[in-house]
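Coordinate inspection notes
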Amino acid sequence: MDDVAAFCAMSQAPKTELVNLSRWYNHISALLKKSLPGEPAGVKIAGQPVCQSRELDNGSVTPAPATPPATEADDDDDLDLFGEETEEEKQAAAEREAQKKASAKKKESGKSSVLLDVKPWDDETDMVKLEEAVRSVAMPGLLWGASKLVPVGYGIKKLTIMMTIEDDLVSVDNLIEDYLTEEPRNEYIQSCDIVAFNKI
């Protein structure tokens, strides 16, 4: 119960022997008088009874009668306190999940643009044959693009090559581990690094 409702429930000021209660009552009455100037006409707080006071002939103040309790007709049958779902809610939730999965599958079946750095063993490695070895990898969903030789240092150059892949058909990690760094291509290729990976 909040302070205003408790204040409204009191029929008169508490005895001065009850120091804490008396101080609280005086504090709340001062706040109500300050924030609600004029003659009290009643205070209605959401979910709380109307607080009205009436003066009797003997000078004492009594609160207004409380609002009558809700009847059986007002009983809220549709309010579920335990959060159990109805059959309609379960069916709607299942439909939403199915739509999410279908849309996720459509979005995932896209393409990606990947930029690879292919490094040779040393400066004596034939870079033309290295590029031919890289481009010899062919599989569904893989398309090789432009390439260029980039100097690294001490006469060593690396091959930077662009490729476009279909995400459902090609895994870049498998491409590097199972094709590019395995026999016979590893004669020219020391290692491969993914420089950029962008969804298209």
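In this text, all values refer to a predicted model and were calculated from it rather than measured experimentally. (Residues numbered from 1 in each chain as written. Predicted model: local features only at pLDDT ≥ 70, side-chain atom pairs only at ≥ 80, totals over all residues. Heavy atoms only, no water.)

**What about the overall build of the chain?**
Within the chain, the regular secondary structure consists of five helices and six strands. Secondary structure of the chain in N-to-C order comes out as α-α-β-β-α-β-α-β-β-α-β. A burial count over the chain gives 21% of its 200 residues as buried. Across the chain, contacts joining residues at least 24 apart in sequence account for 60% of those joining residues at least 6 apart. (Helix = DSSP H or I, 4+ residues; strand = E, 2+ residues; numbered from the N terminus. Buried < 20%, exposed > 50% of the residue type's maximum accessible area, 1.4 Å probe, protein only. Contact = heavy atoms within 4.5 Å.)

**Focus on unusual backbone geometry**
A cis amide bond, omega -10 degrees, links Glu183 with the succeeding residue Pro184. Along the chain, Pro184 falls in the loop between α5 (172-180) and β6 (189-199). Positive phi, close to 55 degrees, is recorded for Tyr154, a residue that is not glycine. On the basis of relative accessibility, which here comes to 83%, the residue Tyr154 falls in the exposed class.

**Here we look at a negative patch on the surface**
Side chains of Asp173, Glu177, Asp178, Glu182, Glu183 and Glu187 sit close together on the surface and give a patch of like negative charge. For Glu183, the position within the fold is in the loop between α5 and β6. (Patch = residues over 30% accessible without salt bridge, like charges linked within 9 Å, V, L, I, M, F, W, Y side chains within 5 Å. Areas by Shrake-Rupley, 256 points an atom, 1.4 Å probe, with all protein chains shown as cover. Salt bridge = Lys/Arg side-chain N within 4 Å of Asp/Glu carboxyl O. Lys, Arg positive; Asp, Glu negative; His and termini not counted. Charge placed at Lys NZ, Arg CZ, Asp CG, Glu CD.)

**A closer look at the nonpolar core**
Counting residues in each nonpolar core, the largest one holds 23 residues, and the members touching the most others are Leu142, Trp144, Met163 and Leu180. Taken together, the elements giving at least two residues each to this core come down to β3 (111-120), α4 (127-135), β4 (142-153), β5 (156-166), α5 and β6. Those residues in contact with Leu180 that lie beyond four places of it in its chain are Leu116, Val134, Val137, Leu175, Arg185, Asn186, Ile189 and Cys192. (Core = buried A, V, L, I, M, F, W, Y, C linked by side-chain atoms within 4.5 Å.)

**Quick notes on α5**
Residues of α5 that are buried: Val172, Leu175, Ile176 and Leu180. Along the axis of α5, the buried positions cluster into a sector of 95 degrees, meaning they face one direction only. In this structure, the buried side of α5 is in contact with β3, α4, β4, β5 and β6. (Arc of directions from axis to C-beta.)

**What about the pairing of β3?**
With seven of its 10 residues buried, β3 lies for the most part within the structure. The sheet contact formed by β3 and β6 spans nine bridges and is antiparallel. By the bridge assignment for β6, Val114 is matched with Phe197. (Pairing = 2+ DSSP bridges.)

**A few points about the environment of Trp144**
As for its position among the elements, Trp144 is in strand β4. Along the chain, Trp144 and Ile161 lie 17 residues apart, while their C-alpha atoms are 7.7 Å from each other. Those residues in contact with Trp144 that sit more than four places away from it in its chain are Leu116, Val134, Arg135, Val137, Ile161, Met162, Met163 and Leu175. Within the structure, Trp144 has its side chain in polar contact with the backbone oxygen of Val137 (distance 2.9 Å). (Polar contact = N/O pair within 3.5 Å; in protein donor to acceptor, adjacent residues only side chain to side chain.)

**As for the pattern of salt bridges**
Close approach of charged atoms allows side chains with opposite charge to pair. The tally for this structure, following the rule as stated, stands at four salt bridges. Here Lys158 and Asp117 are joined by a salt bridge, their closest N and O atoms 2.8 Å apart. With Lys158 in strand β5 and Asp117 in strand β3, this pair connects stretches of sequence that are 41 residues apart. The residues Lys158 and Asp117 share a single accessibility class, namely buried.

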